[in-house]
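Residue-level structural notes
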Amino acid sequence: MSAMNHDATVDATPATGRSFVQGILDDGMGGIEHNAITAKLEDLVNWARSRSSWPASFGLACCAIEMMATGAAHYDLSRFGMEVFRASPRQADIMIVAGRVSQKMAPVLRQVYDQMMEPKWVISMGVCASSGGMFNNYAIVQGVDQVVPVDVYAPGCPPTPETLIHAIETLHQLIEDGQLLRRRQETGAGANVHVTEIAAGDNPVPVILGTR
Ligand code: SF4
């Protein structure tokens, strides 16, 4: 509950730019935005979903090494409520497609996706998953969006852990403000958001990437 109160305070002003106190002075209780008592149920659900998203254990190729590094001690993915990569798709809600997708693996990937509970999200990690990359041949799917709807694309070969965290933070933000579902309705597929690549060492303190 203390974490909830903390975030309610931090998130109190984004819509209007008013300070927490000014909001109360202007509109009384109605001026307290994103408060646990006055918030819309939809906002609270999105808030909870964005902070408790568990990825499925699903590494396909070399990109998966970077994904594992992202979960290890230095980058510490658990800071974002994602400490456990679930071995069962029924306990996961984020699929990180980490690596090239072979034609043989595509139906398996789709089956894992289908077994995940709604709502579920997909990050395409690396150029191979996003477009086939340098594997422009009959054996590799030329873009995993042919198999599952992709919400966020993380560029690079491989994307650095900083880039993957950037993609995850972007996904969390899209879930929290409801944009992700709106974009899905518009595209009829995934949210289709592209993030920029962050080279290793570009951020001298990678553990403070993002806004939380
Ligand atoms: S993008 Fe690069 S690192 Fe990732 S799977 Fe393809 S070749 Fe491997």
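Residues numbered from 1 in each chain as written. Predicted model: local features only at pLDDT ≥ 70, side-chain atom pairs only at ≥ 80, totals over all residues.

**Some words on the confidence of the model for the protein chain**
Should pLDDT be low for a region, the predicted coordinates there are not to be read in detail. Rules: Scored from 0 to 100, pLDDT records how confident the predictor is in each individual residue. What counts as a contact is two residues whose backbone-derived C-beta atoms lie within 7 Å of each other.
Across the protein chain, the average pLDDT comes to 82, with 79% of residues at or above 70. In this model residues 1-14 is a low-confidence stretch, pLDDT under 50, and it forms 15 contacts with partners more than four residues away in sequence or in other chains.

**Quick look at the site of the ligand**
For clarity, the threshold we go by: For each residue, a C-beta position is placed from the backbone atoms; the residue is near a molecule or strand when that point lies within 6 Å of it. Ten residues, namely Ala, Val, Leu, Ile, Met, Phe, Trp, Tyr, Cys and Pro, are considered nonpolar, four, namely Asp, Glu, Lys and Arg, are considered charged, and the remaining ones, Gly among them, are considered polar.
Around the ligand sit Ala61, Cys62, Cys63, Gly99, Arg100, Gly126, Val127, Cys128, Gly133, Cys157 and Pro158, and those are all the residues in its vicinity. Looking at the shell around the ligand residue by residue, the classes come out as seven nonpolar, three polar and one charged.

**Some points on unusual backbone geometry**
How we decide: Helical segments are the DSSP runs of H or I of at least four residues, strand segments are the runs of E of at least two, and each set is numbered from the N terminus. For every residue, the other C-beta atoms within 10 Å of its own C-beta are counted; 20 or more classify it as buried, 12 or fewer as exposed, and values in between as partly exposed. C-beta atoms are placed from the backbone.
Looking along the chain, the bond that leaves glutamate 118 and enters proline 119 is cis, with omega of -10°. Assignment of secondary structure puts proline 119 in the loop between helix 5 (106-115) and strand 2 (121-125). In this structure, the amide linkage connecting cysteine 157 to the following residue, proline 158, adopts the cis form with an omega of -10°. Locating proline 158 in the fold gives a position in the loop between strand 3 (152-154) and helix 7 (161-176). Not every positive phi belongs to a glycine, and aspartate 76 is a case in point at roughly 55°. Inspection of the secondary structure assignment puts aspartate 76 in the loop between helix 4 (63-71) and strand 1 (94-98). The backbone of asparagine 192 sits at a positive phi, close to 60°, despite the residue not being glycine. Among the secondary structure elements, asparagine 192 is positioned in the loop between helix 8 (179-187) and strand 4 (193-194). With 15 C-beta atoms packed within 10 Å, asparagine 192 lands in the partly exposed category.

**Looking at the nonpolar core**
What counts, and what does not: By our criterion, buried Ala, Val, Leu, Ile, Met, Phe, Trp, Tyr and Cys residues that link up through C-beta atoms within 7 Å make up a nonpolar core.
Of all hydrophobic cores here, the largest spans 40 residues; its most connected members are Met95, Ile96, Val97, Ile123 and Met125. Elements supplying a minimum of two residues to this core: helix 4, strand 1, helix 5, strand 2, helix 6 (127-131), strand 3 and helix 7. Here this core gets seven residues from one element, more than from any other, and that element is helix 7. Beyond its immediate stretch of four places on either side in the chain, valine 97 contacts Leu60, Val122, Ile123, Ser124, Met125, Ala129 and Val144.

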